[in-house]
Amino acid sequence: MSSKVQENGSATTNTSAPTNMDPAAPNSSALLPHLESLDRMLKLPVVDATWQQTQNVYGRVKDYNPLLTWALGTAEDVVCRAVTISAPLVQKLDRPLQLVDQTLVKGIDKLEVNAPIIKEQ
């Protein structure tokens with residue numbers, strides 16, 4: 001997909017937006033539960049730098065020729081539709097997902113204390 005998994009204040013988007021988006025379709029990220037663990041991981045400098053580089057490479061590959069633009073745009077559209085279709089099931093699993101999310105947040109807290117170098121740029 002051409003944007004971060006979750007839309008939030010720190011989210012960045014690639015200049016190559018999905019090409020086959022249905023304007024009437026809801027925003028896919030609004031259908032997913034907010035996961036604090038993802039936000040925390042994306043704030044780690046090494047993860048953020050890797051994510052930015054991956055987005056840059058993906059954008060260049062996608063814009064390389066019309067066939068790749070079409071193929072990757074179609075794949076993005078399929079993922080957005082899958083998110084929309086699976087949203088009711090994901091909402092039913094919200095409580096267990098939040099428990100896993102909080103466990104991951106605690107693990108990230110411990111990792112930041114035990115290995116403070118991961119917070120350095």
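In what follows, the structure referred to is the one given above.
The following refers to the structure shown.

Scoring rules and cut-offs
Residues numbered from 1 in each chain as written. Predicted model: local features only at pLDDT ≥ 70, side-chain atom pairs only at ≥ 80, totals over all residues. Heavy atoms only, no water. Helix = DSSP H or I, 4+ residues; strand = E, 2+ residues; numbered from the N terminus. Expected span 1.5 Å × (residues − 1). Buried < 20%, exposed > 50% of the residue type's maximum accessible area, 1.4 Å probe, protein only. Arc of directions from axis to C-beta. Contact = heavy atoms within 4.5 Å. Axes fitted to C-alpha atoms, helices over the stretch in contact; angles between N-to-C directions. Parallel < 35°, antiparallel > 145°, perpendicular 65-115°, else oblique. Nonpolar A, V, L, I, M, F, W, Y, C, P; charged D, E, K, R; others polar.

**Observations concerning helix α3 (residues 45-62)**
Then, in step 1: The terminal C-alpha atoms of α3, which comprises 18 residues, lie 25 Å apart, in line with the 26 Å expected from a rise of 1.5 Å per residue.
Then, in step 2: Along α3, the positions that sit buried rather than exposed are Pro45, Gln55, Gly59 and Lys62. The buried residues of α3 occupy one face: seen down the axis, they fall within an arc of 135 degrees. For α3, exposure combined with an orientation more than 90 degrees from the buried face picks out Val46 and Arg60.
Then, in step 3: Residues of α3 that are buried make contact with α2 (36-43) and α4 (66-92).

**Here we look at the packing of α2 against α3**
A packed helix pair is summarised by two numbers, namely the angle formed by the two axes and the spacing between the axes.
Then, in step 1: Put simply, α2 and α3 touch, their axes get as near as 5 Å, and they point 85 degrees apart. In terms of axis orientation, α2 runs roughly perpendicular to α3. Every residue of α3 that contacts α2 at Met41, Leu42 and Lys43 is listed here: Pro45, Val47, Asp48 and Trp51.
Then, in step 2: In the contact of α2 with α3, the residues fall into five nonpolar, no polar and two charged.

**Notes on the packing of α3 against α4**
Then, in step 1: It is the contact of α3 with α4, at a shortest axis distance of 8 Å, that shows an interaxial angle of 125 degrees. Judged on the interaxial angle alone, α4 and α3 are oblique. Contacts between α3 and α4 involve Tyr58, Val61 and Lys62 from the former and Leu68, Thr69, Leu72, Gly73 and Glu76 from the latter.
Then, in step 2: Among the residues making up the contact of α3 with α4, the classes are represented as four nonpolar, two polar and two charged.

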